[in-house]
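An overview of the molecular structure
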Amino acid sequence: MGVSRCRLCSRANGSRDFTDGRYLWPEGLAHYVLDHNVRLPDEFLEHIDQRLHMLDELETDEAWWLRVTEREQRP
């Protein structure tokens with residue numbers, strides 16, 4: 001559908017949306033927050049905190065990644 005432009009400064013601001021399964025996050029959201037100091041609603045911030053906490057608690061196994069990258073580095 002084309003690249004959207006920032007409503008405040010007209011900068012090209014991406015064309016994709018991302019989802020975490022609950023919210024839809026526009027690609028340009030960081031631009032509004034970082035460059036224009038737009039504050040996200042408390043509900044969004046609480047959701048982000050919960051998701052980050054959940055990620056910290058996940059057990060990870062990097063062995064598969066080490067195997068893949070090891071194969072790619074072989075001549």
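A few points on the structure.

Rules and cut-offs
- Residues numbered from 1 in each chain as written.
- Predicted model: local features only at pLDDT ≥ 70, side-chain atom pairs only at ≥ 80, totals over all residues.
- Heavy atoms only, no water.
- Helix = DSSP H or I, 4+ residues; strand = E, 2+ residues; numbered from the N terminus.
- Phe/Tyr/Trp six-rings, centres within 6.5 Å; stacked < 30°, edge-to-face > 60°.
- Buried < 20%, exposed > 50% of the residue type's maximum accessible area, 1.4 Å probe, protein only.
- Salt bridge = Lys/Arg side-chain N within 4 Å of Asp/Glu carboxyl O.

**A closer look at the environment of Leu 55**
- Tracing the backbone through its elements, the reader meets Leu 55 in helix H2 (residues 42-57).
- Linking Leu 55 and Leu 34, residues 21 residues apart in sequence, is a C-alpha distance of 23 Å.

**Examining the packing of aromatic side chains**
- Enumeration over the complete set of coordinates arrives at four aromatic pairs.
- Between Trp 25 and Phe 44, the ring centres sit 5.2 Å apart and the planes meet at 65°, which makes this aromatic pair edge-to-face. Linking Trp 25 in strand E2 (residues 24-26) with Phe 44 in helix H2, this pair joins segments that are 19 residues apart in sequence.
- With a relative accessible area of 22%, Phe 44 lands in the partly exposed category.
- Ring plane angle 75° and centroid distance 5.7 Å describe the contact between Trp 64 and Trp 65, whose orientation is recorded as edge-to-face.
- Connected via pairs of aromatic rings, a cluster forms that spans Tyr 23, Trp 25 and Phe 44.

**Considering the pattern of salt bridges**
- Inspection of every chain in the model, using the stated rule, returns three salt bridges.
- A salt bridge links Asp 35 to Arg 11; the shortest N-O distance between them is 3.2 Å. Taken together, the residues Asp 35 in helix H1 (residues 29-36) and Arg 11 in the segment before strand E1 (17-19) connect sequence positions 24 residues apart.
- Owing to a relative accessible area of 47%, Asp 35 belongs among the partly exposed residues under this scheme.
- When its relative accessible area of 41% is taken as the criterion, Arg 11 is described as partly exposed.
- One salt bridge in this structure joins Arg 22 and Glu 43, with 3.7 Å as the shortest N-O distance. Placement of Arg 22 in the loop between E1 and E2 and of Glu 43 in helix H2 is noted, with a sequence separation of 21 residues between them.
- The class of Glu 43 is partly exposed, set by a relative accessible area of 47%.

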